Amino acid sequence: MYNPEAQEAAVEVLRRRIERQIMGVTGMALGDIDYEHPPGDPGLFGPQSVCWRVHSDFTSMLCGGISSLMLQMLHPLALAGVWDHSNFRDDMLGRLRRTSQFIAATTFASTADAERLIDRVRRIHDEVAGTTPDGQPYTANDPDLLTWVHVAEVSRFLAAHLRYRNPDLSVADQDRYYAEVARIAEALGARDVPRTRGDTDAYLEAMRPQLCFDARTAEVFRLLIGAPAPHPLAGPLVALTMRAGVDLLPFWAAEMAHRDMPRWQRHTVRAGVHRLVPILRWSMRNGASQRARRRVAGTTTTAAGSPTAHDRT
């Protein structure tokens, strides 16, 4: 006998299970940030910003985040900092989660939490310094290196958004995006941060002579692409997003990394991501952006996961 209540309950159980698996590969798994308090706080940017739009789509951010790490590692000084001062070999998923948490918190968390996380990262950077194998000194607080890491990151986020979320995002809004997120890079100590799409494209082109792909870069790529999923059910998602990350690299970066894909393979990857998108967006109700919107609106979440009105001051 058909029971609509039972069917609805079963669908909700499935949705929550998918959502938990998704949360497992993001910074939400780390806790530490309360995105729903204090009520009314818009955070550093607020819901009218372009970065809220770009960073709120889980699928494109996951693919873009993978791509950004690959692009960052083509810079020998950025690679050295990760190689010498990170446990990425044993905990690649943990690194991905920490990066995800920083982006989510600086975009969607309360003003105090966002500033706290920026201060924390600055303190961590104070301890990261060394020398590359060919004798170049480096420090994570190098303003020019911070600019590279930032641009490699946000340019891939926007590229993923244009491919998988909104290909019609205007150039004016793309410029607004770069201008908004420059605030975070500058708070960390970056300088001469590009603030438009044109300046970002020109910056990436100008940086090409400083980039390289050597044995250590190849090892980071291998470990990143082969990173284990937090749960067997998430395995296909992780594998697909790794390939999508490669596909989002600038063509010259993919060629440098010996990861260029034939056209048919790119088509297969993009089609696969597009098939996953409706499921992932349907399942996500309690990500950082959803919780932040409840905070700004002055609502909170009950134990059952439903928002309730909060007294406004």
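For the structure itself, look to the data block above.
Residues numbered from 1 in each chain as written. Predicted model: local features only at pLDDT ≥ 70, side-chain atom pairs only at ≥ 80, totals over all residues. Heavy atoms only, no water.

Enquirer: Before we go on, may I ask you to explain the packing of aromatic side chains in this structure?
Expert: Each aromatic ring pair is described using two quantities: the centre-to-centre distance and the angle formed by the ring planes. The final tally for this structure, using the stated rule, is four aromatic pairs. Judged by centre distance (5.1 Å) and plane angle (70°), the rings of tryptophan 52 and phenylalanine 108 are edge-to-face. Placement of the pair is tryptophan 52 in helix 2 (residues 50-55) and phenylalanine 108 in helix 5 (residues 92-108), with a sequence separation of 56 residues. Assessed through its relative accessible area of 0%, tryptophan 52 is described here as buried. The exposure class of phenylalanine 108 is buried, given its relative accessible area of 2%. Taking the ring centre of phenylalanine 45 as reference, the NZ or CZ of arginine 183 above it sits at 5.8 Å. (Phe/Tyr/Trp six-rings, centres within 6.5 Å; stacked < 30°, edge-to-face > 60°. Helix = DSSP H or I, 4+ residues; strand = E, 2+ residues; numbered from the N terminus. Buried < 20%, exposed > 50% of the residue type's maximum accessible area, 1.4 Å probe, protein only. Lys NZ or Arg CZ within 6 Å of the ring centre and 35° of its normal.)

Enquirer: Honestly, the layout of surface pockets in this entry has me stumped. Any pointers?
Expert: Vacant regions in the atomic arrangement are exposed by a probe of water-molecule size rolled over the atoms. By volume, the largest pocket amounts to about 1000 Å³. Contributing to the lining of the largest pocket are 42 residues, with Arg95, Thr99, Val121, His125 and Val149 lying nearest its centre. Elements with a contribution of two residues or more to the lining of the largest pocket: helix 2, helix 3 (58-72), helix 4 (76-85), helix 5, helix 6 (111-126), strand 2 (137-139), helix 7 (143-164) and helix 8 (171-188). Here the lining of the largest pocket gets eight residues from one element, more than from any other, and that element is helix 5. (1 Å grid on protein atoms, 1.4 Å probe; cavity = no way out; pocket = protein on both sides within 12 Å on 5 of 7 lines; lining within 4 Å. Points joined across faces, edges and corners; volume = space filled by probe spheres on them.)

Enquirer: Is there a simple way to think about unusual backbone geometry in this case?
Expert: If a residue is not glycine, its phi is most likely negative; likewise, a peptide bond is most likely trans. Cis rather than trans, the peptide bond between histidine 37 and proline 38 has omega equal to -5°. Unlike most non-glycine residues, aspartate 192 shows phi in positive territory, near 50°. With respect to the helices and strands, aspartate 192 occurs in the loop between helix 8 and helix 9 (197-207). Relative accessible area serves as the criterion here: at 69%, aspartate 192 is assigned to the exposed category. At histidine 258, a residue that is not glycine, the phi angle is positive and equals roughly 55°. Tracing the sequence through the fold places histidine 258 in the loop between helix 12 (251-256) and helix 13 (263-283). The exposed category is assigned to histidine 258, whose relative accessible area is 65%.

Enquirer: Before we go on, may I ask you to explain the nonpolar core in this structure?
Expert: Side chains of nonpolar character tend, in soluble globular proteins, to be buried together. The biggest cluster of nonpolar side chains holds 47 residues, and the ones touching the most others in it are Leu71 and Trp148. Going through the elements one at a time, helix 3, helix 4, helix 7, helix 9, helix 10 (215-225), helix 11 (235-247), helix 12 and helix 13 are the ones with two or more residues in this core. Here the element with the most residues in this core is helix 7; it accounts for six residues. Ignoring anything within four residues of it in the chain, the contact list for tryptophan 148 reads Leu71, Gln72, His75, Ala78, Tyr203, Leu204, Met207 and Leu211. (Core = buried A, V, L, I, M, F, W, Y, C linked by side-chain atoms within 4.5 Å. Contact = heavy atoms within 4.5 Å.)

By themselves these figures say nothing about function.
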